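Spelled out, the chains give:
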Protein chains: 2
Amino acid sequence: MSKAQQEEKYVYFFGDGKAEGSAEMRNLLGGKGANLAEMSGLGIPVPAGFTITTEVCTYYYDNDKQYPDALEKQVMDNVAKLENVMGGKFGDATNPLLLSVRSGARVSMPGMMETVLNLGLNDEITEGLIVRSNNPRFGWDSYRRFIQTYGDVVMGVAPEGIEIDPFEAAIEEVKEKRGIQDDLDMTVEDLKTLVDMFKDIVKKRTGQNFPTDPIEQLWGGIGAVFGSWQADRAITYRRLENIPGDWGTAVNVQSMVYGNMGDDCATGVAFTRDPSTGENIFYGEFLTNAQGEDVVAGVRTPEPVDRLKSRQPEAYQTLEDIYQTLEKHYRDMQDIEFTVQQSKLWMLQTRGGKRTAAAAVKIAVDMVNEGLITQSEAVQRVEPEQLDQLLHPTFDPTFERNVLAKGLPASPGAASGKVVFLAEEAEEAAEQGEQVLLVRLETSPEDIGGMNAAQGILTARGGMTSHAAVVARGMGKCCVAGCGDLVIDYTANQFSVGDTVVKGGDWVSIDGSTGEVMLGQVPTQEPELSGDFATLMSWADEFRTLNVRTNADTPHDSAVAREFGAEGIGLCRTEHMFFEGDRINIVREMILADDEQGRRRALEKLLPIQRGDFEGIFNAMAGLPVTVRLLDPPLHEFLPHESDQQEEMARRLDTSLRVIQDKVESLNEFNPMLGHRGCRLGITYPEIYEMQVRAILEAAANVGSKAVPEIMIPLVGTVKEFTELKIMTDRIARAVESETGKRVAYLVGTMIEIPRAALTAAEIAEHAEFFSFGTNDLTQMTYGYSRDDAGKFLGEYVEKGILENDPFQTLDQTGVGQLVELGTKNGRGARGDLKVGICGEHGGDPASVHFCHNIGMDYVSCSPFRIPIARLAAAHAALED
Amino acid sequence: MSKAQQEEKYVYFFGDGKAEGSAEMRNLLGGKGANLAEMSGLGIPVPAGFTITTEVCTYYYDNDKQYPDALEKQVMDNVAKLENVMGGKFGDATNPLLLSVRSGARVSMPGMMETVLNLGLNDEITEGLIVRSNNPRFGWDSYRRFIQTYGDVVMGVAPEGIEIDPFEAAIEEVKEKRGIQDDLDMTVEDLKTLVDMFKDIVKKRTGQNFPTDPIEQLWGGIGAVFGSWQADRAITYRRLENIPGDWGTAVNVQSMVYGNMGDDCATGVAFTRDPSTGENIFYGEFLTNAQGEDVVAGVRTPEPVDRLKSRQPEAYQTLEDIYQTLEKHYRDMQDIEFTVQQSKLWMLQTRGGKRTAAAAVKIAVDMVNEGLITQSEAVQRVEPEQLDQLLHPTFDPTFERNVLAKGLPASPGAASGKVVFLAEEAEEAAEQGEQVLLVRLETSPEDIGGMNAAQGILTARGGMTSHAAVVARGMGKCCVAGCGDLVIDYTANQFSVGDTVVKGGDWVSIDGSTGEVMLGQVPTQEPELSGDFATLMSWADEFRTLNVRTNADTPHDSAVAREFGAEGIGLCRTEHMFFEGDRINIVREMILADDEQGRRRALEKLLPIQRGDFEGIFNAMAGLPVTVRLLDPPLHEFLPHESDQQEEMARRLDTSLRVIQDKVESLNEFNPMLGHRGCRLGITYPEIYEMQVRAILEAAANVGSKAVPEIMIPLVGTVKEFTELKIMTDRIARAVESETGKRVAYLVGTMIEIPRAALTAAEIAEHAEFFSFGTNDLTQMTYGYSRDDAGKFLGEYVEKGILENDPFQTLDQTGVGQLVELGTKNGRGARGDLKVGICGEHGGDPASVHFCHNIGMDYVSCSPFRIPIARLAAAHAALED
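Rules behind the numbers
- Residues numbered from 1 in each chain as written.
- Chains lettered and ligands numbered in written order.
- Predicted model: local features only at pLDDT ≥ 70, side-chain atom pairs only at ≥ 80, totals over all residues.
- Heavy atoms only, no water.
- Helix = DSSP H or I, 4+ residues; strand = E, 2+ residues; numbered from the N terminus.
- Buried < 20%, exposed > 50% of the residue type's maximum accessible area, 1.4 Å probe, protein only.
- Areas by Shrake-Rupley, 256 points an atom, 1.4 Å probe, with all protein chains shown as cover.
- Lys, Arg positive; Asp, Glu negative; His and termini not counted.
- Charge placed at Lys NZ, Arg CZ, Asp CG, Glu CD.
- Least-squares fit on C-alpha atoms with pLDDT ≥ 70 in both.
- Contact = heavy atoms within 4.5 Å.
- Expected span 1.5 Å × (residues − 1).
- Bend = angle between axes of the 7 residues up to and from the residue.
- Axes fitted to C-alpha atoms, helices over the stretch in contact; angles between N-to-C directions.
- Left-handed = near helix turned anticlockwise from the far one by under 90°.
- Nonpolar A, V, L, I, M, F, W, Y, C, P; charged D, E, K, R; others polar.
- Buried area = accessible area lost by both parts, 1.4 Å probe.
- Salt bridge = Lys/Arg side-chain N within 4 Å of Asp/Glu carboxyl O.
- Pairing = 2+ DSSP bridges.
- Patch = residues over 30% accessible without salt bridge, like charges linked within 9 Å, V, L, I, M, F, W, Y side chains within 5 Å.
- Core = buried A, V, L, I, M, F, W, Y, C linked by side-chain atoms within 4.5 Å.
- Polar contact = N/O pair within 3.5 Å; in protein donor to acceptor, adjacent residues only side chain to side chain.
- Phe/Tyr/Trp six-rings, centres within 6.5 Å; stacked < 30°, edge-to-face > 60°.

What follows concerns the overall build of chain A. Tallying secondary structure elements over chain A gives 35 helices and 34 strands in all. With the C-alpha coordinates of chain A rotated into their principal frame, the extents come out at 105 × 60 × 55 Å. Per-residue burial over chain A gives 57% buried out of 881 residues. Accessible area of chain A: about 35200 Å², with a carbon and sulfur share of 46%. Here chain A carries 83 positive and 135 negative side-chain charges, and the mean point of each set is 3 Å from the other.

This is the structure we're talking about:
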């Protein structure tokens, strides 16, 4: 080894109010080690110890599992230091000091790596420990626990085949012999017997004697922790959580302290504020004469932490001082662990405490008011995705759930209702004032009315971006989709899951945030959006630079979206308007027409209706921009596919069933997603887009200057599609202008949702005034995934780590993002003031919002209920710049 | 105007064995002007004249239709020069000289622009012409033709509304009065009457007198030619032919010569070799005492050109000398026009002659043998696409076609057969030795056997890349697809087109090169591939650097492809193997299995069969690489969709119809193109790919070193899909190696057919040893076009100029090409020796082959019958470097 390496520092000491490390050294010392050092540096009593750095872990794996030469000496020097501080001696029977060895990576990997406690015991030292503690049971129990753990973790004693763990088998044997059932009924003699039996097991299984040398035990423990970094389960966990393998883990070696040496001992966990409400009270629990694991295990019922005040007033006072110090120091709510050993308080851990969304908001706002943090810090303290919990009704958490099946959590919220299977039925029942839940194999645009009328939607097929899911999220309606266990029998008016049969009319509840389907009615709680929530959002708005628009198709949705803070409509889909009420019959009349003239006749009837739609929306959004997408779906979506509905259509339109069937057949497509839709319809049937453009511009003329229309041409793949339709739009605009005598300002732009459009963005931007990235379709085509079908493999892909995320939920920055970035850059290159936004599901996903901010978009657009999330995410992105 | 512009040269003179221009100046003088100058420069007698350059045209449109100041003087100077050469005087009644004004762009735009003949006539000069020619009829007829053309072209006299042309109406009026029917029966008096009537028409329609000043007439003619460059029809033509608008046209002003002044006059057109066979004989026809247009019009029957020898021996001798001079000079077969005026020969035009594919090949090879051109020139003389004519049977061209309907020319060739509607029927009939034509709404993989058995395939639906089209081209089988006029009634065993009903068993013929569907049997001719064809191809092979492989799935196709020159298999699809004979039942058994074990049981039965397939192919391709694509289509393609077939399947597999229907239903997809297929199947059902990899490697082990397998994983979109399957492949390879004791060399690579794969090519190439661009699917996803559905709008898109080409036929270099180039570059960046090719339809398209050469691919792969085309295109690309 070189001299330079000899001098490198591998071990950092902490204890006695001092520390070589600090909280900033998380990457080198791991999270646990860094916080122990920080606490010690603050003068807070932590059991003395030292941290072996993550660099040793990396060295270990880079050098065939050898340690750097300098390590041994540094470890032994630090053992001496901690002996000095703690006043005991490691390996000394007269004044024994025991150690714990724990892992500690940069980020927490709960339960993934190994821990060894009570290191430093052998027969002789155990006797010494008993003398010192005056507690033989404590001594023998510690010893047998140590052998069991060390035998398993370090020496690799494991059950073979189908046998049960050999140590557990020995315990069972002893208890059986003694005729007792509870571990606590074992006598000291029993524990001594177990120690002997455990040593035999180790010898028999490993061929080695259990090591009696504490130093050997210590290195064994250290090696086991480093070794566990590359254990299968840790590797899998890292892959799932995207943790690089070369980060490595640190090893924390720390003096043991005991909360179970007598009634002047205790152990507990606490939060510096209430983690579920955020209230500024000290909140936690403790057990007298117990170990940390007993609090968690729930064998005894812990007491509220304030009772410690009367039991151990001095220790409690110290604890109170410490928690306040820690909160002020870390400037955040802390999750702490402590042990009182013979009336002395020791802190074992502090870390930022997990909290509910409501608590996160309240704590952040309170801390600003207390002068503890700034407004920007407060904004950064709340995870955007968390807000979703606050924006929808939730089930009463105290109510026990009777879960029947689980589908995809497609649209958050909670809903209970009587099961109906037909959209019309849902509408009728809702009119009667009944709460219903619409259960379908899948939904289609014809079901919109029923979806709106129902409390929630449950489907057996389709993924997170299926029709049901997308529409439900847009409506802010609870939806569980793709619940494959449901076997729906429309004819029998029932569905079944396994042997359970649910009839139409039975009560069922669904949780759109977990995907759970429950029998019966479960009470719900409504969300609260004012107060601290509103305060925090107003701060977020001051920091963000990205605008947030909404996807909304009706005046009602527009109004809801404005309440959530929408700064415009980024996507107004016109196809939903084609289904409402009697319109669908006019639309069908148009589709059935033999020629352009026939189509124009039908479109003339639609014109005033569409104009009215747009007037309503322009009025609702007064002064804010409204991006209207011209008709997008293929025409066959507007025709009925079931024969009774086809017969009714034939009657209504006074034609034969055969004519309808022929039309349905002729419009049928193998891959409708890649078919005759979007601007392809606008090119082949120009009269449809002409009517829509006229409706938009006439509406704008009627509403006046507070109408800010942006006309969006969907599915453009080649610049000539765009120019042809832009020329048409300008022509209609001139006509409307001369007919109404009013000048309407409008933009014409396009959705970039075809990979080729992104690739040729420079050409398109020469003519288009704005781009809106339709990342749903762009993802479909860039990946070659049909979002309606991908459910069949996407789950498995995410599970196996082939995909990090469902790309329909979080924008794939590596692939799809390349096209978005390229399209934005080249588009702006051709037109400096090109307005660029994103619409579709990703507009409400925090990571995707971040990406949009980073590449310099003007806005994101998302469904109304995701707006606060997008606003907060945009603020985070701006603050990270 | 600046002095510099004054000095610019706008007009180039030719005549009297001299010329200011030459053939190289095509861009400046247009094709016609450049060749006239070239001929004159060679001393060949052309009527003297001059060319106004294309730059004047550009100037004219850039400057509000003004000419450069210097033009007028240059034109008048050149008129004086040609008067001098021709010995007449423009505008002089005693020694009249008449002029023609013709357009001439860089490339020929036949019939798109204007021509004015006989410029320089008025009443007085006409009399002078009659005196000089001693031919009053000639004089008056020239005059009335001049007024008619000039009135139309220059003065804009055109029919109004639905009236017929007013000049033609006047002619009809005169003939009616005189009771005659033929123009030739008109007397000199009649013609004089017409001249007066024509002048009246001009005056009445335009308000202006017909101009009597020859100089004014000349400028009128020049203006009309320049003006016609921006006429609607010319603009449309240029858009369709991709001719830039700023090229402009030149104007050729030339002395008139006449072949119709008497029996010592003649006019004719000829080719220097036979344009249909390529035979080295002088080939053409002429008419005595006639004008050029008479030869074309076919009023009189022209005589073969060699008869001119006896009629006008001197003129013929000159013509013979000239044509030989021209062919030697241009080093190519020429298409010439000539006029004999009073025994003097004048050449009016020469240009490269159009020729059939057979002629092109023979002429190219002959000219090399004659020492006229080099081998590389010979290779460049034949258009790759033309070869297609030579590679398939064709109908006897003398046979009159009774065309019933027209579909898409989906796979070239000619086929006659008795109509059958079911694939099985086709197989049975073929076994009986009958010729049948398979007629289907569309085909599916189940129909492969019947398609193979039939002479040709005719479908009512589907585009150029539908299943029928792709499979037929692969088989080299004639196919007409998407013939929308066909109404097929399977139950009645007939189809109809309008009122015509064709029953099963009736004879029908289809032309896969034109898309025509004919009633009855039409005799066919077989292609000839040896001789000159083979010689030319061997030369092409010496020049090209791109390898050409084939798409082939059977030993038979492989053998055919080797005959066509394949240097390997670029795409061996394994799915077709799943349908043959009894295999489909094993495949279905696998699909129906409830669990992995059940699937493995079925796959074990398939293993030896697949192994046999690969052994056959490896043997056929001995020593050449074979890229085998693992299973690609979604599983539902292997299940029957019609209920009688489902019932049969249930019987065979001893299960219930319901089980089959449930499976079909559960595998049903909204967009199968974007669904559960390709490597997505390989990931979710690893056992399928394991079996295939094993079959490939075991076959290679059995065949020995002449097997060169390249295992291709389809539809990769993310690198982890690839790595997971590569690990599997390597694992199976080690197992096969240890089982057989033989080491098999193999590559593992992927198809790049998902846009995301191209975007992340660098990541993928770290693990993949080759890329094969699947540009069919890549085009589908980059454009968002389903090739099965796009027929509904693609035709209109190409017609309207929204797309320049069908992107499934010619690779879209702007969009899809960007991904191909990026993927190649980034892939090679990550792995220097990455083998890169293209498979799919574009591999046989000359423009696409060119592109593949330019971006540095290693090979293209195409269907066997396109191989010579790809070889020749690759040679062209290399020679153009």
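Moving on from the coordinates now.
Moving on: the relation of the copies chain B and chain A. Between chain B and chain A, the superposition needs a rotation of 180° and an axial shift of 0.0 Å, giving an RMSD of 0.2 Å. The superposition of one copy onto the other is thereby described by a two-fold rotation axis. Considering only C-alpha atoms, the residue of chain B closest to the rotation axis is B:Asn671, which sits at 2.2 Å. In this assembly, 100% of the residues forming the interface of chain B have copies in chain A that are likewise at the interface, indicating an isologous arrangement.

What follows deals with helix 23 (residues 596-620) of chain A. All names here are of chain A. Over its 25 residues, helix 23 extends 34 Å from the first C-alpha to the last, a length consistent with the 36 Å expected when each residue adds 1.5 Å. At Leu 606, helix 23 shows its maximal kink, close to 35°; a proline, Pro 608, follows between one and four residues later. Listed as buried for helix 23 are Gly 598, Arg 599, Ala 602, Leu 603, Leu 606, Leu 607, Gln 610, Asp 613, Phe 614, Ile 617 and Phe 618. Contacts from the buried residues of helix 23 go to helix 21 (555-563), strand 28 (569-573), helix 22 (583-592), strand 29 (625-629), helix 27 (686-703) and strand 30 (708-713).

Let us now look at the packing of helix 7 (residues 166-178) of chain B against helix 8 (residues 188-206) of chain B. Residue and element names in this part refer to chain B. Running from amino to carboxyl end, helix 7 crosses helix 8 at an angle of 145°, the nearest separation of the two axes being 10 Å. Both helix 7 and helix 8 take part in a crossing whose hand is right-handed. Each of Pro 166, Phe 167, Ala 170, Ile 171, Glu 173, Val 174 and Arg 178 in helix 7 lies in contact with helix 8, whose residues at this interface are Asp 190, Leu 194, Met 197, Phe 198, Ile 201, Val 202 and Arg 205. Of the residues that constitute the contact of helix 7 with helix 8, the class distribution is 10 nonpolar, no polar and 4 charged.

With 52 residues of chain B at the contact, the number on the chain A side is 52 residues. Approximately 4600 Å² of surface area, both sides summed, lies buried where chain B meets chain A, with 54% of it carried by carbon and sulfur atoms. The largest share of the area that chain B buries against chain A comes from B:Phe670, B:Leu674 and B:Arg756, three residues that together contribute 14% of it. At the surface where chain B touches chain A, the tally comes to 6 salt bridges.

All names here are of chain B. Pairing of strand 22 (residues 494-497) with strand 23 (residues 500-503), which is carried by 4 bridges, proceeds in the antiparallel orientation. Residue pairing for strand 23: Ser 496 is matched across the bridge by Val 501. Between strand 22 and strand 23, which follow one another and run antiparallel, lie 2 residues, and Gly 498 among them has a positive phi close to 60°.

A separate point is a negative patch on the surface. Residues and elements named next belong to chain A. Side chains of Glu 424, Glu 427, Glu 428, Glu 431, Glu 642, Asp 644 and Glu 647 sit close together on the surface and give a patch of like negative charge. Mapped onto the negative patch, the elements with two or more residues apiece are helix 17 (423-431) and helix 24 (643-652). Residue contributions to the negative patch peak at 4 residues, all from helix 17.

All right, on to the sheet that holds strand 34 (residues 859-862) of chain A then. Residues and elements named next belong to chain A. If you walk around this closed barrel you meet the 8 strands as 27-28-29-30-31-32-33-34, and the pairing is parallel. In this sheet, adjacent strand axes meet at a mean angle of 25° when their direction is disregarded. Bridge count between strand 29 and strand 30: 5 bridges; the pairing is parallel. Residue pairing for strand 30: Arg 629 is matched across the bridge by Met 712. Lying over the sheet, helix 23 contacts strand 28, strand 29 and strand 30, oriented at roughly 150° with respect to strand 29.

Moving on to the nonpolar core. Counting 272 residues, the largest nonpolar core has A:Phe771 and B:Phe771 as the members making the most contacts within it. Among all residues touching B:Phe771, those that are not within four sequence positions of it are B:Thr750, B:Ile752, B:Ala761, B:Ile764, B:Ala765, B:Gly823, B:Gly827, B:Leu834, B:Lys835, B:Val836, B:Gly837 and B:Tyr859.

In this section: the sheet that holds strand 31 (residues 747-752) of chain B. Residues and elements named next belong to chain B. If you trace the 8 strands once around the closed barrel, you get 27-28-29-30-31-32-33-34, paired in parallel fashion. When strand polarity is set aside, the average angle formed by the axes of neighbouring strands in this sheet is 25°. Pairing of strand 32 (residues 770-774) with strand 33 (residues 835-839) involves 5 bridges; the strand directions are parallel. Considered in strand 33, the bridge of Phe 770 is made with Lys 835. Here helix 33 (residues 816-830) sits on the sheet in contact with strand 32 and strand 33, set at roughly 175° to strand 32. Contacts between helix 35 (residues 867-880) and the sheet are confined to strand 27 (547-551) and strand 34 (859-862), with strand 27 contributing the most and set at about 160° to the helix.

Residue and element names in this part refer to chain A. Structurally, Glu 690 can be placed in helix 27. A polar atom in the side chain of Glu 690 sits 3.5 Å from the side chain of Arg 731. Excluding residues that lie within four positions of it along the chain, Glu 690 makes contacts with Arg 600, Met 728, Arg 731 and Ile 732.

Within the structure shown, the criterion is met by 44 aromatic pairs over all chains. Ring centres 6.4 Å apart and planes at 75° place the aromatic pair B:Phe421 and B:Tyr490 in the edge-to-face group. Of this pair, B:Phe421 sits in the loop between strand 17 (414-420) and helix 17 (423-431) while B:Tyr490 sits in the loop between strand 21 (487-489) and strand 22; the two residues are 69 residues apart in sequence, bridging distant segments of the chain. Judged by centre distance (6.4 Å) and plane angle (80°), the ring pair of B:Phe421 and B:Phe495 falls under edge-to-face. Taken together, the residues B:Phe421 in the loop between strand 17 and helix 17 and B:Phe495 in strand 22 connect sequence positions 74 residues apart. For the pair shown, B:Phe421 and B:Phe495 are each scored as buried. Taken together, the ring pairs connect A:Tyr60, A:Tyr61, A:Tyr67, A:Trp219 and A:Phe226 into an aromatic cluster.

All names here are of chain A. Positive phi values are uncommon outside glycine, yet Asn 289 reaches one of about 50°. As for its placement among the helices and strands, Asn 289 is situated in the loop between strand 10 (283-288) and helix 11 (292-297). With a relative accessible area of 29%, Asn 289 lands in the partly exposed category.

Here we come to the environment of B:Ala699. Residue and element names in this part refer to chain B. Counting through the fold element by element, Ala 699 comes out in helix 27 (residues 686-703). Along the backbone, Ala 699 and Gly 616 are 83 residues apart, and their C-alpha atoms lie at a distance of 8.8 Å. Every residue in contact with Ala 699, bar those within four places of it in the chain, is listed here: Arg 611, Phe 614, Glu 615 and Phe 618.

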